[in-house]
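# Descriptive structure summary
Each chain, written out:
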Number of protein chains: 2
Amino acid sequence: MSATRVPVVEKILSANDAIAAEIRAQFDAAGAVALNLMASPGAGKTSLVERTIAHFKGECPVAMINGDTSEAAFDAERSQRAGAFSVHINTGGKCHLEAAMVRDALRHLDLTQTRLVLIENVGNLVCPSSWKLGAHFNVLIASVPEGDDKPYKYPKMYAGVDVLVINKIDLLPYTDFRMEYFRRGVETLNSGLVSFALSCRTGEGLEAWFEWLRSHLRPLGARMAGEQ
Amino acid sequence: MSATRVPVVEKILSANDAIAAEIRAQFDAAGAVALNLMASPGAGKTSLVERTIAHFKGECPVAMINGDTSEAAFDAERSQRAGAFSVHINTGGKCHLEAAMVRDALRHLDLTQTRLVLIENVGNLVCPSSWKLGAHFNVLIASVPEGDDKPYKYPKMYAGVDVLVINKIDLLPYTDFRMEYFRRGVETLNSGLVSFALSCRTGEGLEAWFEWLRSHLRPLGARMAGEQ
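Before going into details, it helps to say that this report is about the structure given with it. (Residues numbered from 1 in each chain as written. Chains lettered and ligands numbered in written order. Predicted model: local features only at pLDDT ≥ 70, side-chain atom pairs only at ≥ 80, totals over all residues. Heavy atoms only, no water.)

### Overview of the environment of Asn138(A)
Relative to the elements of secondary structure, Asn138(A) occurs in strand β5 (residues 137-143). Considering only alpha carbons, one finds Asn138(A) and Glu22(A), 116 residues apart in sequence, at a separation of 17 Å. (Helix = DSSP H or I, 4+ residues; strand = E, 2+ residues; numbered from the N terminus.)

### With respect to the nonpolar core
The biggest cluster of nonpolar side chains holds 40 residues, and the ones touching the most others in it are Tyr158(A), Leu164(A), Phe182(A), Tyr158(B), Leu164(B) and Phe182(B). Among the secondary structure elements, those contributing two or more residues to this core are β5, α6 (155-159), β6 (163-167) and α7 (179-189) of chain A together with β5 (137-143), α6 (155-159), β6 (163-167) and α7 (179-189) of chain B. Setting aside chain neighbours within four positions, we find Leu164(B) in contact with Leu140(B), Ala142(B), Tyr158(B), Phe182(B), Val186(B), Leu193(B), Val194(B), Ser195(B) and Phe196(B). (Core = buried A, V, L, I, M, F, W, Y, C linked by side-chain atoms within 4.5 Å. Buried < 20%, exposed > 50% of the residue type's maximum accessible area, 1.4 Å probe, protein only. Contact = heavy atoms within 4.5 Å.)

### Quick look at the interface of chain A and chain B
Chain A puts 33 residues into the contact, and the matching count from chain B is 32 residues. Taken over both partners, the interface formed by chain A and chain B buries close to 2,700 Å², and the fraction arising from carbon and sulfur atoms is 54%. In terms of surface lost to chain B, no three residues of chain A exceed Pro41(A), Lys153(A) and Tyr174(A), which account for 22% of the buried area on that side. At the junction of chain A with chain B, the criterion picks out six salt bridges. In this structure, the salt-bridge partner of Asp75(A) is Lys153(B), at a minimum N-O distance of 2.7 Å. Where chain A touches chain B, the interface holds eleven residue pairs in polar contact (both at pLDDT 80 or more). Counting residues per element, the ones that place at least two in the side of chain A that touches chain B are α3 (74-82) and α5 (150-153) of chain A. Among the residues forming the side of chain A that touches chain B, the class breakdown is twelve nonpolar, eight polar and 13 charged. (Buried area = accessible area lost by both parts, 1.4 Å probe. Salt bridge = Lys/Arg side-chain N within 4 Å of Asp/Glu carboxyl O. Polar contact = N/O pair within 3.5 Å; in protein donor to acceptor, adjacent residues only side chain to side chain. Nonpolar A, V, L, I, M, F, W, Y, C, P; charged D, E, K, R; others polar.)

### Describing the sheet that holds strand β2 (residues 62-68) of chain A
Within a sheet, adjacent strands bond to each other through the backbone by hydrogen bonds, running parallel or antiparallel. Residue and element names in this part refer to chain A. One open sheet accounts for seven strands, arranged β3-β2-β4-β1-β5-β6-β7; its pairing is parallel. Of all strands in the sheet, those bounded by a partner on one side alone are β3 (85-90) and β7 (194-197). Neighbour-to-neighbour, the strand axes of the sheet open up by a mean angle of 20°, direction not taken into account. Across five bridges, β5 lies against β6 in parallel orientation. Within β6, the position partnered with Ala 142 by the bridge is Ile 166. Strands in contact with α3 are β2, β3 and β4 (116-120); relative to β2, the strand with the most contacts, it is inclined by about 165°. Contacting β5, β6 and β7, α7 crosses the sheet at an angle of about 165° to β6. (Pairing = 2+ DSSP bridges. Axes fitted to C-alpha atoms, helices over the stretch in contact; angles between N-to-C directions.)

### Regarding the side chain of Thr175(B)
Mapped onto the elements, Thr175(B) comes out in the loop between β6 and α7. Here Phe177(B) takes part through its backbone nitrogen, which lies 3.4 Å from a polar atom of the side chain of Thr175(B). Every residue in contact with Thr175(B), bar those within four places of it in the chain, is listed here: Leu171(A), Arg201(A), Val144(B) and Pro145(B).

### Quick word on the relation of the copies chain A and chain B
When chain A is brought onto chain B, the operation consists of a screw motion whose angular component is 180° and whose axial shift is 0.0 Å, with 0.0 Å RMSD remaining. Expressed as an axis order, the relation between the two copies is that of a two-fold axis. By C-alpha distance to the rotation axis, the residue of chain A lying nearest is Asn124(A), at 3.0 Å. A symmetric contact is evident, with 97% of the interface residues of chain A recurring at the interface of chain B. (Least-squares fit on C-alpha atoms with pLDDT ≥ 70 in both.)

### Remarks on the pairing of strand β2 (residues 62-68) of chain B
Residues and elements named next belong to chain B. β2 sits mainly inside the fold: seven of its seven residues count as buried. Where burial is concerned, the two faces of β2 agree: the one with Val 62, Met 64, Asn 66 and Asp 68 and the one with Ala 63, Ile 65 and Gly 67 are both buried. With five bridges connecting them, β2 and strand β4 (residues 116-120) associate as parallel partners. Within β4, the residue paired with Ile 65 across the bridge is Ile 119.

### Regarding the environment of Gly92(A)
All names here are of chain A. With respect to the helices and strands, Gly 92 occurs in the loop between β3 and α4 (99-106). By relative accessible area, which is 59% here, Gly 92 ends up exposed. Distance in space between the C-alpha atoms of Gly 92 and Asp 68 is 8.2 Å, their sequence separation being 24 residues.

### Thoughts on the packing of aromatic side chains
Residues and elements named next belong to chain B. In this structure the tally under the stated criterion is 19 aromatic pairs over all chains. Ring geometry for Phe 56 against Phe 210: centres 6.0 Å apart, planes inclined by 90°, an arrangement best described as edge-to-face. Highlighted residues: Phe 56 in helix α2 (residues 45-56) and Phe 210 in helix α8 (residues 206-216), separated in sequence by 154 residues. In this structure Phe 210 comes out as buried when scored by relative accessible area, which is 6%. With a centroid separation of 4.9 Å and an interplanar angle of 70°, the aromatic rings of Phe 137 and Trp 212 are classed as edge-to-face. Taken together, the positions of Phe 137 in strand β5 and Trp 212 in helix α8 put the pair 75 residues apart, joining distant regions of the chain. (Phe/Tyr/Trp six-rings, centres within 6.5 Å; stacked < 30°, edge-to-face > 60°.)

Purely spatial values, then, with no claim about function.
The structure is reproduced here in structure tokens:
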């Protein structure tokens, strides 16, 4: 059975990648930068999203795509309250977003209204890493109370991302998290990674994350140039 | 495409349930109680397992089945160091254990040597809830820093378990976790749930968990009666 399973999975993933490439082209044409935010449940994806939306509200309204395994749109509602315009994707029980879901969601988002798109994936450290969504940056949000062994236990996720956010650093004094051990694990898997240590609760370290994001926002002119 | 997908999934799950029933019969014949431990990555499955193995070492050696998405057997090694005899399952990237994997693992475990089997599932709050493994109790380990909204966001997992462990209560003073809001969400989904609030780090609350486990351990005579 497993002998026939693998090629089928590969075929599905390659169809997914083709759709992801279309999506990327759509973002580029609109002059928008897109981030695929992945994390374990409870690492603080939604809190980081809220902070980011609120920070950029004045200069650049954020477009949000929130992936959830059910009809309940808690995260999308939180994003909207924070000031984003957002679309909720119900994955129907699937534990990850796929490019086709994002393509459908994009039909409901006016990309000319934004320069920053945040895609909040389903909380899961396994499957989302296999599915490209057309984002410019794949971002992993880790959190201190999850433990410093996570890069060693979920190597595929840590190896496949471009940016790492270590959230909840305000809990460092109350846990056994060894930052050096954690960073050593990350370094072995993914040495070119951009990383941020911060706390969405206290605000510590958020400024560097905002600055990095701002450096990737395209000037409004970029969008103009893309329009024929 | 989704019209043909659903029946296939149902067929796979029903084949899985048949194997799970065989596994349950195997546990019962051996007089062993089995627990399927599920949680988000970093909630403290392995820490609870270590504490439990160490506690029961004298009276009842624990048999461990550790599910991991890769060849790296960190959890199985931690279980062995704590005093269990254990088998590591590499799910080959799959984000959950399936009954067939547990059946294979059981070929390497001598159930006559134990009365307590702990199955540590892959860290994931979505898929493991769909796959029965033949365990007598499905146990969810939640943790305080994950946030009090998890029952609302992962209802299927919370609705489908028999036992809930709320770990890391030592972090309550340093987070915004509202125990009442959390419990209200759980109560709505699963009112008959047995639950424990504890900290594997400080040891607080562990005694009640051990007592509950002990009350379900069958006397050695139960195994004798099962033998023909």
